[in-house]
Amino acid sequence: MKPAKKPLHAKSIKELGMPRRSWWSLVREDARCVFERDPAARSLMEVWTIYPGVQAIALHRLAHSLWRRGWRYLPRCISFVSRGLTQVDIHPGASIGMRFFIDHGAGVVIGETAEIGNDVTLYHGVTLGGTSWSAGKRHPTLGNQVVVGAGAKILGPILVGNRARIAANSVVIEEVPAGVTVVGIPGRVVTPRRSTTHGFDLDHHLIPDPVGKAIACLLDRVAQLERQAHADFLSTSTTACGTCSDHCAEPGFDPSLLQPSTME
């Protein structure tokens, strides 16, 4: 039940800059960082007792500590209980950095080989999922200070760079450079990261709409082509219709038929 097995992501954890720290010090920072990212938080008592994201990460850090030591069934049991209590499903094999915050928590899924850096924020409905049934790395890696909007799906063993922002309901299946914003299905880079005076850019309503912009550009192009075609028709026409303003295409009627009839 306790086989000697090398930790799956030891090298990746080191590369992400996640030093080994005590469970209590990590969980305490997870709770305190809530005040920086959620204006609704009013006290530590409130954060500890009624924030499911904080409770989920606290239980995950316990399960992950056992997972690193070679335990398998017990960490999965802790993860199962945590999912029932918080509606957050984090596999005990997932590696998560410091000051991790899940806002609202409901419906978040984090796979076994997912790796998350420091100061990352996830909203409800986020999935860090895999795209393969084969063993090995199959879930995404998130760098430091990444923000993932509600309902976003990040799939496969891809890298999301530091300070990147994933818009709500986006589906990301390709690597994301550092410091950019990704929107859409599939996710597209739409703008460099905006500068902000706060530590975290949470202005989701300012994220551009690439699909809407593309449609608007197409409509403008169609209108331009129609105006050009009309101008070309008027300049090349040799008949009176070329300069006539009457609606010749409308069906004609005998004026006598339009007069009211009288009975003798």
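Scroll up to find the structure this text is about.
The rules behind these values
Residues numbered from 1 in each chain as written. Predicted model: local features only at pLDDT ≥ 70, side-chain atom pairs only at ≥ 80, totals over all residues. Heavy atoms only, no water. Helix = DSSP H or I, 4+ residues; strand = E, 2+ residues; numbered from the N terminus. Buried < 20%, exposed > 50% of the residue type's maximum accessible area, 1.4 Å probe, protein only. Expected span 1.5 Å × (residues − 1). Arc of directions from axis to C-beta. Pairing = 2+ DSSP bridges. Axes fitted to C-alpha atoms, helices over the stretch in contact; angles between N-to-C directions. Parallel < 35°, antiparallel > 145°, perpendicular 65-115°, else oblique. Left-handed = near helix turned anticlockwise from the far one by under 90°. Contact = heavy atoms within 4.5 Å. Nonpolar A, V, L, I, M, F, W, Y, C, P; charged D, E, K, R; others polar. Core = buried A, V, L, I, M, F, W, Y, C linked by side-chain atoms within 4.5 Å. Salt bridge = Lys/Arg side-chain N within 4 Å of Asp/Glu carboxyl O.

J.: Got a minute to help me understand the environment of Ala-167 in this structure?
T.: Secondary-structure assignment places Ala-167 in the loop between strand S12 (165-166) and strand S13 (171-172). Judged by its relative accessible area of 4%, Ala-167 is buried.

J.: Just checking my understanding: could you explain helix H6 (residues 73-86) for this structure?
T.: Working note: α-helix, 3.6 residues per turn, so residues spaced by three or four point in the same direction. Its 14 residues give H6 an end-to-end C-alpha distance of 20 Å, which sits within 8% of 20 Å, the value for a rise of 1.5 Å per residue. Within H6, burial applies to Pro-75, Ile-78, Ser-79, Ser-82 and Thr-86. Looking straight down H6, one finds its buried side chains confined to an arc of 100°; they lie on one side. Across from the buried face of H6, at angles greater than 90 degrees, the exposed residues are Tyr-73, Phe-80 and Gly-84.

J.: I keep staring at the pairing of strand S14 (residues 180-183) and nothing clicks. Help me out?
T.: In the case of a regular strand, side chains alternate between the two sheet surfaces. Because side chains alternate across S14, one face comprises the buried residues Val-180 and Val-182, and the other comprises Thr-181 and Val-183, equally buried. For S12 and S14, the ladder comprises 2 bridges, and the chain directions are parallel. Bridging from a neighbouring strand, Ile-166 pairs with Val-182 of S14.

J.: So what exactly am I meant to see when it comes to the packing of helix H2 (residues 23-32) against helix H5 (residues 52-68) here?
T.: Interaxial distance between H2 and H5 falls to 10 Å at its minimum, and their mutual angle equals 165°. Relative to H5, the element H2 is oriented roughly antiparallel. As for the relative orientation of H2 and H5, their crossing is right-handed in sense. Each of Trp-23, Leu-26, Val-27, Asp-30 and Ala-31 in H2 lies in contact with H5, whose residues at this interface are Val-54, Ile-57, Ala-58, Arg-61 and Leu-62. In the contact of H2 with H5, the residues fall into 8 nonpolar, no polar and 2 charged.

J.: Can you help me understand the sheet that holds strand S2 (residues 95-96) in this one?
T.: The strands that make up a sheet pair up through hydrogen bonds in the backbone, lying either parallel or antiparallel. Reading across from one edge, S2-S5-S8-S11 is the order of the 4 strands in this open sheet, with parallel pairing throughout. In the strand order of this sheet, the two ends are held by S2 and strand S11 (159-160), each with one partner. Where strand S8 (residues 141-142) and S11 come together, 2 bridges link them in parallel fashion. Paired with Thr-141 across the bridge in S11 is Leu-159.

J.: When you look at the nonpolar core in this model, what are you seeing that I'm missing?
T.: Among soluble globular proteins, nonpolar side chains are generally buried collectively. Ranked by size, the top nonpolar core spans 29 residues in total, and within it Phe-100, Ile-110, Leu-122, Leu-142, Val-148, Ile-154 and Ile-166 carry the most contacts. Sorting the residues of this core by element identifies H5, strand S1 (88-90), strand S4 (108-110) and S14 as the ones contributing at least two each. If you look at the next biggest cluster of nonpolar residues, it comprises 8 residues, including Ala-31, Cys-33, Tyr-51 and Phe-101.

J.: How should the sheet that holds S4 be read in this particular structure?
T.: Strand order across the open sheet formed by 5 strands is S1-S4-S7-S10-S13, with parallel pairing between neighbours. Edge positions in the sheet fall to S1 and S13, since each of these pairs with one other strand and no more. Alignment of S1 against S4, held across 3 bridges, turns out to be parallel. Paired with Ile-90 across the bridge in S4 is Ile-110.

J.: What is the right way to read the pattern of salt bridges from this model?
T.: Pairing is possible between side chains of opposite charge, provided their charged atoms come close. Using the criterion set out here, one finds 7 salt bridges in the structure. The partner of Lys-137 in a salt bridge is Glu-115, and the shortest N-O contact between them spans 2.8 Å. In this pair, Lys-137 sits in the loop between strand S7 (127-129) and S8 while Glu-115 sits in strand S5 (residues 115-116), placing the two residues 22 residues apart along the sequence. Given the relative accessible area of 34%, Lys-137 is considered partly exposed. Look at Glu-115 and you get buried, because its relative accessible area is 2%. One network of salt bridges, in which partners are shared, links Glu-29, Arg-37, Arg-99 and Asp-119.

J.: In this structure, what is going on with the packing of H5 against H6? I would like to understand it.
T.: At a minimum axis separation of 8 Å, H5 and H6 run at an interaxial angle of 175°. As the angle between them shows, H5 and H6 are arranged roughly antiparallel. Touching Pro-52, Gln-55, Ala-56, Leu-59, Leu-62, Ala-63, Leu-66 and Trp-67 of H5 are Leu-74, Pro-75, Arg-76, Ile-78, Ser-82 and Thr-86, all from H6. Its residues assigned to classes, the contact of H5 with H6 shows 10 nonpolar, 3 polar and 1 charged.

Such coordinate-based values are descriptive only and should not be taken to indicate function.
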